[in-house]
Amino acid sequence: MAAAVRAGLWHRGVISVTRRGSHSHSNTALKPQYDAIIIGAAYLQKGGLKTAVLERRHVLGGAAVSEEIIPGFLFSRASYLLSLLRPHIYQDLELKKHGLKVYMRDPYSFTPMLEDGVRGRPPPSLTLGADLAKTQKEIGKFSEKDAKVYPDFLSYLERLACAIHPLLDAPPVDIPGLTQGSLRKKISALRSLKPLVKSGLQLGKNIPDFYELVTAPVMKVLNRWFESEPLRATLATDSVIGANTSPNNPGSGYVLLHHVMGELEKEKGAWGYVEGGMGGVSQSIARSAQSLGADIFTNRVLIGQDGSAKGVVLTDGTEVHSKVVLSNATPYITFKQLTPQFVFFLYNLAVDKLPNFLAAPNSADGKPGPHHQCSIHLNCESVEVLEEAYREGQQGRPSSRPMIEMTIPSVLDPTLAPPGCHVVSLFIQFTPYLLEGRRAWTDEDRDRFADTAFDWVERYAPGFKKSIVGKDILTPADLERVFGLTGGNIFHGSMSLDQLYLARPLPSVADYRSPVKGLYLCGSGSHPGGGVMGAAGWNSALKVLADFKRL
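All of these numbers come straight from a predicted model, not from anything done at the bench.

With that settled, consider the overall build of the chain. The number of helices and strands found in the chain is 18 helices and 19 strands. Accessible surface, the chain: about 22,100 Å² in total, of which carbon and sulfur atoms supply 53%.

Next up, the structure:
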């Protein structure tokens, strides 16, 4: 769910460069002057600009990386599921041709319960999948009424999600262009209204439904549709995953919509695992660029005496000059660290056997069951459990009963772990960036909270703790330090209504042009927001190419 924290790849007219200390794919000598330098992403649309691509770490891919942290186990260390990569980016870059392979998940959601089963049966659980009849049968265990209306609910979400696709693939409306300058400029800026008009026409009579969903607490909508608590709580997880919000907070409905508006292999709203981990996305993007000559460096923005961006400074002190610089880092990193001057835990675990859930016991042969490939929702039996976890986080305390999303990608992808073993990711909310008293996390705090999380998993799947043979624990501060995710926020900034569309990340820079002349934003901190892979890069390209004509 949460997870995809990368933009797309600038792909045409890319120039190969090599330098000692850089991550390189060729032996071409370093070029001192480029038309454009892009930090953390690489997708130069058909403009013919000489382009250099730069990365923050030694590992290619920002937060969409695969790392062998524990010998023999390959982890999607931060971003762990794929869905929101825009289809036209997927096609333009020929990512399948360049090695991207995706494992579709069906079923895709599993919510086990802790309550005792009846007459010796396992505890109840809720499994959702692409087979609508099977899903309705699952929901019917809790409510026949909910089972009956569930297909209508899916259609309702799809109508709203599809209607906003035109907004994802275009920059926000050009307000300065419409209100300032010559008449010719104003007329030209009218074209920026086209995606907004197209979305409005597509929504049609559904505009009131759209407005309600994106502004209301998601529970206002879910309570109207459904009566069973397990279904409401399971659906509500998508309204808070990766976000510092509650299902009862205004705007949580948009977070839900954000998580269902993607597609994978032409299947609307689907999420899947990438072979070899999420680094497979970044590697395929890199190979697409490599076929045209891309290279990767570590960097800092070089500011000229006139206050404009002039290129980057590499970690070895080398200056590489360019006419413009595009940053895919968070807005905070871009302006506070690259220029001179609440959230979650993520556990990556190596285990020597599959989790054995009380609600769905493993088979005698130990082979994975259908539920093992799902996003597995723990402590999600009721919305009140989610709400209490959120309240504790807001008070500066790690949740005593945290919301846990477990994924086991090695169930479908055997390349990730040795035979019989598996990699497990636990995405855990809610945990504050700073603890009570505004103090930083200590190793003791981190270990204590890890024990809390493992104890809860153990209650659903006895024997889980003993199966752990290695672990990588990432606090919000670790995510900031390792991946540059400010505050540990996977979306590069809040997905609240005050930071969307014309206000993302701020009204003054919503058109991707930063206050620093020649420095552009192209990451998840820009419209359309976190996880929508490639969209911000695509949209910022339109601005760069338009401006480049005037340079």
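Residue placement: Ser125 occurs in strand S7 (residues 125-128). With a relative accessible area of 9%, Ser125 lands in the buried category.

Going through the model one piece at a time under the given rule, you end up with 11 aromatic pairs. Between the aromatic rings of Tyr156 and Trp225, the centroid separation amounts to 5.3 Å while the plane-to-plane angle is 40°, which identifies the pairing as tilted. Residue Tyr156 is found in helix H3 (residues 144-163), and its partner Trp225 is found in helix H9 (residues 218-225); the two are separated by 69 residues along the sequence. The same class applies to Tyr156 as to Trp225, namely buried. Consider the rings of Trp225 and Phe226, whose centres lie 6.4 Å apart with planes at 40°: the pair is tilted. Summarising the burial analysis for this pair, Trp225 and Phe226 share the class buried. Through a chain of ring-to-ring contacts, three or more aromatic side chains come together here, namely Tyr150, Phe153, Tyr156, Trp225 and Phe226. Sitting over the ring of Tyr273, Arg105 keeps its end group 5.3 Å from the ring centre.

Turning to helix H7 (residues 194-203), a few remarks are in order. Quick reminder: α-helices carry 3.6 residues per turn. Residues three or four places apart thus point the same way. Along H7, the residues that are buried comprise Pro195, Ser199 and Leu203. Relative to the axis of H7, the buried residues are bounded by an arc of 70° and lie together on one face. The exposed set on the far side of H7, more than 90 degrees from its buried face, consists of Lys194 and Leu201. For H7, the secondary structure elements touched by its buried residues are H3, helix H4 (165-168) and helix H8 (207-215). Looking one or two residues past H7, Gly204 carries a phi angle of roughly 50°, positive in sign.

In this section: the side chain of His422. Structurally, the position occupied by His422 is in strand S17 (residues 422-431). For His422, the residues in contact, after removing those within four places along its chain, are Phe73, Leu349, Ala350, Val351, Leu354, Ile408, Ser410, Val411 and Ala417.

General note: in soluble globular proteins, nonpolar side chains tend to be found buried as a group. Core analysis: the largest hydrophobic core is formed by 54 residues, its most contacted members being Phe153, Tyr156, Leu222, Phe226 and Leu257. For this core, the elements supplying multiple residues, two or more each, are S7, H3, H8, H9, helix H10 (229-236), helix H11 (252-260), helix H14 (383-394) and S17. Of the residues forming this core, the biggest block, 8 residues, is contributed by H3. With near-sequence residues (within four places) excluded, Phe153 lies in contact with Leu222, Trp225, Phe226 and Leu235. In this structure, Phe449, Ala450, Ala453 and Phe454 belong to the second largest nonpolar core, which totals 32 residues.

Applying the stated criterion across every chain, the model contains 15 salt bridges. Between Lys220 and Glu212 there is a salt bridge, with the nearest N and O atoms lying 3.7 Å from each other. Looking at Lys220, the relative accessible area reads 48%, which means it is partly exposed. A single network of salt bridges, built from pairs that share partners, joins Glu67, Arg77 and Asp472.

This brings us to the environment of Thr475. Turning to its location among the elements, Thr475 is positioned in the loop between strand S18 (468-474) and helix H17 (476-483). On the accessibility criterion, Thr475 (4% relative accessible area) is buried. The sequence separation of Thr475 and Leu346 amounts to 129 residues, and the corresponding C-alpha distance is 6.8 Å.

Right, let's talk about the environment of Ala417 for a bit. Position of Ala417 relative to the elements: it lies in the loop between strand S16 (403-407) and S17. When its relative accessible area of 13% is taken as the criterion, Ala417 is described as buried. Residues Ala417 and Val351, spaced 66 residues apart in sequence, show a C-alpha to C-alpha distance of 9.1 Å. Not counting the four nearest positions on each side in its chain, Ala417 is found in contact with Gly72, Phe73, Ser410, His422 and Val423.

With that settled, consider the packing of H3 against H7. Close contact between H3 and H7 brings their axes to 8 Å; oriented N to C, the two are set at 160°. Between H3 and H7, the angle falls in the class roughly antiparallel. Of the two possible hands of crossing, H3 and H7 adopt the one that is right-handed. On H7, the residues touching Leu160, Cys162 and Ala163 of H3 are Ser199, Gln202 and Leu203.

Buried within helix H2 (residues 132-140) are the following residues: Thr135, Ile139 and Gly140. Burial along H2 is one-sided: seen end-on, the buried residues are contained in an arc of 140°. Among the exposed residues of H2, those oriented more than 90 degrees off its buried face are Ala133, Lys134 and Lys137. A distance of 3.1 Å separates the backbone nitrogen of Ala133 from a side-chain oxygen at the start of H2, and that oxygen is part of Asp131.

What counts, and at which threshold
Chains are numbered independently. Their residues run from 1 in the order of the written sequence. In keeping with the model being predicted, local features are shown solely for residues with a pLDDT of at least 70 and side-chain atom pairs are shown and tallied solely at 80 or more, while totals for entire chains, interfaces and linings include all residues. With hydrogens and water set aside, each side-chain value is computed from the structure's full complement of heavy atoms. Strands here are runs of E lasting at least two residues and helices are runs of H or I lasting at least four, both read from the DSSP assignment and numbered beginning at the N terminus. The protein chains shown are the only cover counted for residues, whose accessible areas, like all others here, come from Shrake-Rupley with a 1.4 Å probe. Partly exposed residues are those whose accessible area sits between 20% and 50% of the maximum for their type, while under 20% is buried and over 50% is exposed, using a 1.4 Å probe and protein chains only. Only Phe, Tyr and Trp rings are paired, with Trp represented by its six-membered ring, and only when their centres lie within 6.5 Å; those with planes under 30 degrees apart are stacked, over 60 edge-to-face, the remainder tilted. Definition used: whenever NZ (Lys) or CZ (Arg) falls within 6 Å of the ring centre and also within 35 degrees of the ring normal, the charge is taken to sit over that ring. This arc describes the spread of directions from the helix axis toward the C-beta atoms. Contacts are assigned to residue pairs with any non-hydrogen atoms lying within 4.5 Å of each other. Joining through side-chain atoms within 4.5 Å is the link that ties buried Ala, Val, Leu, Ile, Met, Phe, Trp, Tyr and Cys residues into a set, and such a set is a nonpolar core. By definition, a salt bridge exists where a carboxyl oxygen of Asp or Glu is found within 4 Å of a side-chain nitrogen of Lys or Arg. Only the stretch in contact is used when fitting a helix axis, every axis being a line fitted to C-alpha atoms; angles between N-to-C directions are given from 0 to 180 degrees. To sort the angles, those under 35 degrees are grouped as roughly parallel, those over 145 as roughly antiparallel, those from 65 to 115 as roughly perpendicular, and the leftovers as oblique. Crossing chirality is assigned from the near helix's rotation relative to the far helix, an anticlockwise turn below a right angle marking it left-handed and a clockwise turn marking it right-handed. Definition of a polar contact: a pair of N or O atoms within 3.5 Å, with one able to donate and the other able to accept a hydrogen when the atoms are protein atoms, and with sequence-neighbouring residues admitted only if both atoms are side-chain atoms.

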